[in-house]
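Results of the structural survey
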Amino acid sequence: EWRARSTFSTHEVERLISDAAIPPERRVQYALKAIGGMRHGEVAGLRWRDYDPTLEPLGRILVARTYNDDGTKTGVTAKVPVHPTLAKILAI
């Protein structure tokens, strides 16, 4: 039951993805999780080749593996649209 209530406020997410005191690689990881809605293992399994910023109207991330190169938890490959805020963070 605790998991359903364990959420971040908008202010907390903004701080996690923009605070200069947090290392850039962590800010990107937090943004992929909070804005992209990805699980930790999915984020850990991402490669730059999985991101296509050229698609219109939004770029896309292909989520096809986890940190150990296995498929996703559900076994389904996901095409995640990239919100403009997340695109700015990935462009850093």
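Our subject in this report is the structure included herewith. In this text, all values refer to a predicted model and were calculated from it rather than measured experimentally. For every chain, the first residue of the written sequence is number 1, and numbering continues from 1 onward in sequence order. pLDDT decides what is reported in this predicted model: residues at 70 or higher carry local features, side-chain atom pairs at 80 or more are listed and counted, and totals for whole chains, interfaces and linings draw on all residues regardless. To get the side-chain values, all heavy atoms of the structure are used, and hydrogens and water are removed first.

1. Topic: the nonpolar core
Of all hydrophobic cores here, the largest spans 15 residues; its most connected members are L32, M38, I61 and L90. Here a strand is any run of E in DSSP of at least two residues, a helix any run of H or I of at least four, and the numbering for each starts at the N terminus. Among the elements of the structure, α2 (10-18), α3 (24-34), β2 (59-63), β3 (78-82) and α5 (84-90) are those that each provide at least two residues to this core. In terms of residues, this core owes the most to one element, α5, which gives 3 residues. Contact partners of M38, with chain neighbours within four places excluded, come to L32, K33, V43, L46, I61, V63 and V80. Definition used in this section: a nonpolar core is a set of buried Ala, Val, Leu, Ile, Met, Phe, Trp, Tyr and Cys residues joined via side-chain atoms within 4.5 Å. Note on exposure labels: buried denotes an accessible area under 20% of the residue type's maximum, exposed denotes more than 50%, and partly exposed covers the range between, all computed with a 1.4 Å probe on protein chains only. What makes two residues a contact is simply this: any of their non-hydrogen atoms within 4.5 Å.

2. Focus: the environment of L16
Relative to the helices and strands, L16 resides in helix α2. For the pair formed by L16 and R26, sequence separation is 10 residues and the distance between their alpha carbons is 8.3 Å.

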